[in-house]
Amino acid sequence: MNLLVTGGCGFIGSNLVRMVLAERPGWRVVNLDKLTYAGNPENLADQAANPRYRFVHGDVADGPLVGELLRQERIEAVLHLAAESHVDRSILSAAVFIETNVRGTQVLLEAARETGVGRFVHVSTDEVYGSLGPEGLFTEETPLDPSSPYSASKAGSDLLALAYGRTFGVPVVVTRCSNNYGPYQFPEKLIPLMIANALRDLPLPVYGDGLNVRDWIHVEDHCRGLLAALERGRAGEVYNFGAASERRNLDIVRQVLERLGKPESLIRFVTDRPGHDRRYAIDAAKARRELSWAPAHRFEEALAETVRWYVAHRPWWERILSGASRDYYDRQYGGR
Ligand code: NAD
Ligand code: TYD
């Protein structure tokens, strides 16, 4: 199998590429990544010499490049992860989210259509469903009601993927997963940001009252779900992934501090994120039933393991935080 992974130098993509190369010995993986601020080839440095792996530096929105790559590599399946992925950045500057997430997805779908790719997995998020109140779960039938430019751009790309299925017969599967955590997550997202700040005795910025709820899943469980969707998903279908691990932000921040032996006085309540979704929670029954998929990690243990990973890989995140991301951090948190 010749597989194209887009965004393979990011958090989920790098975990996925490593898993595929280890667990699917007959597969060849081509990784197309633009290396934005979030893309880090170091995440896959251990695979650089693998003869079944090729990295291509490029933009998913570059039509001629993508078309040529699919033909030249005889790509049979696509796992499309490349995206601008951070809500707060989409609030500061939305245009690139439309360019990559909406237009980039359309360009890739068009190339998949022209070359007759056998399977196209579009990797999306539960954020397209908007916010839940205190009760209930997102199912695949929940209406799309995105709150941020990020989630709106993902909703747009989901609909394009499904439309390319219906109109042109591209065999698309859309997956919608809840919040991921684990190794190689860019330290702008809640869990790695809090770990990195706590380790440096910097304030931990908690938005609003800290009682927003996210439904956490370990990145390996998500990656296994993506492989299941690729291999067993039905064309034209949507599958939710989640691990039934709803936690309040503040409880997570407290757990991180406790694991690191740092005081709760580091917590700073800061101005809330505009349009901040209150609660996400996933019903993953369809994926469990149809894809024979189930998450394997338990949250508290896997969070402890994740904290240990960031402690052990301090040079990895320190290099990131000392570079261009410094400007973003000052813009996002400077005044608070
Ligand atoms: P990430 O920001 O860590 O990585 C994104 C990767 O895409 C980077 O390597 C970046 O260089 C690359 N990229 C960005 N624009 C590109 C372009 N125009 N062309 C080619 N490559 C480009 O993101 P992530 O957290 O790994 O998320 C991956 C995917 O999974 C995204 O589509 C995201 O919406 C989705 N998702 C993420 C989560 C989560 O909790 N992180 C949950 C559900 C779904
Ligand atoms: P995030 O990791 O950005 O994921 P998403 O917004 O896609 O769910 O944020 C997770 C939760 O943590 C969300 O409710 C916002 C909150 N949060 C903070 O309180 N402080 C922060 O500095 C960040 C980045 C997030």
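Our structure is the block above this text.
Section: the pattern of salt bridges
Argument step 1. If you walk through the whole model with that rule in mind, you get 25 salt bridges.
Argument step 2. Between E246 and R279 there is a salt bridge; the shortest N-O distance is 2.8 Å. With E246 in strand 12 (residues 246–248) and R279 in the loop between strand 13 (267–270) and helix 9 (285–291), the pair connects residues that are 33 residues apart, well separated along the chain.
Argument step 3. Taking the relative accessible area as the measure of exposure, E246 reaches 33% and is therefore partly exposed.
Argument step 4. On the accessibility criterion, R279 (8% relative accessible area) is buried.
Argument step 5. Among the salt bridges present, the one from R254 reaches D251, with a minimum N-O distance of 3.9 Å. One end of the pair is R254 and the other is D251, both in helix 8 (residues 249–260) and three residues apart, which spans about a single turn.
Argument step 6. The exposure class assigned to R254 is partly exposed, which follows from its relative accessible area of 33%.
Argument step 7. When salt bridges with common partners are traced through the structure, they connect R234, E237, K286 and E290 into a single cluster.

Side note on the site of ligand 1
Argument step 1. Close to ligand 1 lie 28 residues, the nearest being I12, D33, S85, Y150 and K154.
Argument step 2. G10 has a polar backbone atom sitting 2.9 Å from an oxygen atom of ligand 1.
Argument step 3. Take S85: an N or O atom from its side chain is 2.7 Å from an oxygen atom of ligand 1.
Argument step 4. When isolated, ligand 1 has an accessible area of 840 Å², and the protein chains bury 97% of it.
Argument step 5. Looking at the shell around ligand 1, the elements with two or more residues in it are helix 1 (11–23), strand 5 (119–125) and helix 5 (149–168).
Argument step 6. No other element matches strand 5, which puts three residues into the shell around ligand 1.

So, the site of ligand 2
Argument step 1. The local shell around ligand 2 holds 20 residues, among which E127, R214, R273, H276 and Y333 are the closest.
Argument step 2. Contacts to ligand 2 include R214, whose side-chain N or O atom sits 2.7 Å from an oxygen atom.
Argument step 3. Here ligand 2, which alone exposes 510 Å², has 97% of that area covered by the protein.
Argument step 4. Taken together, the elements giving at least two residues each to the shell around ligand 2 come down to helix 3 (87–92), helix 6 (190–199) and strand 8 (204–207).
Argument step 5. A class-by-class count of the residues in the shell around ligand 2 yields nine nonpolar, five polar and six charged.

Describing unusual backbone geometry
Argument step 1. Phi angles above zero are rare outside glycine, and R74 is one such case at about 45 degrees.
Argument step 2. Its place among the elements puts R74 in the loop between helix 2 (63–72) and strand 4 (77–80).
Argument step 3. Although it is not a glycine, Y184 adopts a positive phi angle of roughly 75 degrees.
Argument step 4. Position of Y184 among the secondary structure elements: in the loop between strand 7 (180–181) and helix 6.
Argument step 5. Its relative accessible area of 17% is what places Y184 among the buried residues.

Regarding helix 11 (residues 314–322)
Because the α-helix completes a turn every 3.6 residues, residues three or four places apart line up on one side.
Argument step 1. Turning to helix 11, its buried residues number three or more, namely W316, W317, I320 and L321. Angular distribution of buried residues about the axis of helix 11 spans 120 degrees; they occupy a single face of the element.
Argument step 2. Next to the buried residues of helix 11 lie helix 6, helix 10 (299–312) and helix 12 (325–333).

Overview of the packing of aromatic side chains
Argument step 1. Summed over all chains, the structure comprises 15 aromatic pairs.
Argument step 2. Chaining the aromatic ring pairs together yields one cluster made of Y184, W309, Y310 and W316.
Argument step 3. When the ring centre of F168 is taken as origin, the NZ or CZ atom of R113, which lies over that ring, is 3.8 Å away.
Argument step 4. The ring centre of Y239 lies 4.9 Å from the NZ or CZ of K286, which sits over that ring.

The rules behind these values
- Residues numbered from 1 in each chain as written.
- Chains lettered and ligands numbered in written order.
- Predicted model: local features only at pLDDT ≥ 70, side-chain atom pairs only at ≥ 80, totals over all residues.
- Heavy atoms only, no water.
- Salt bridge = Lys/Arg side-chain N within 4 Å of Asp/Glu carboxyl O.
- Helix = DSSP H or I, 4+ residues; strand = E, 2+ residues; numbered from the N terminus.
- Buried < 20%, exposed > 50% of the residue type's maximum accessible area, 1.4 Å probe, protein only.
- Near = heavy atom within 4 Å.
- Polar contact = N/O pair within 3.5 Å; in protein donor to acceptor, adjacent residues only side chain to side chain.
- Areas by Shrake-Rupley, 256 points an atom, 1.4 Å probe, with all protein chains shown as cover.
- Nonpolar A, V, L, I, M, F, W, Y, C, P; charged D, E, K, R; others polar.
- Arc of directions from axis to C-beta.
- Contact = heavy atoms within 4.5 Å.
- Phe/Tyr/Trp six-rings, centres within 6.5 Å; stacked < 30°, edge-to-face > 60°.
- Lys NZ or Arg CZ within 6 Å of the ring centre and 35° of its normal.

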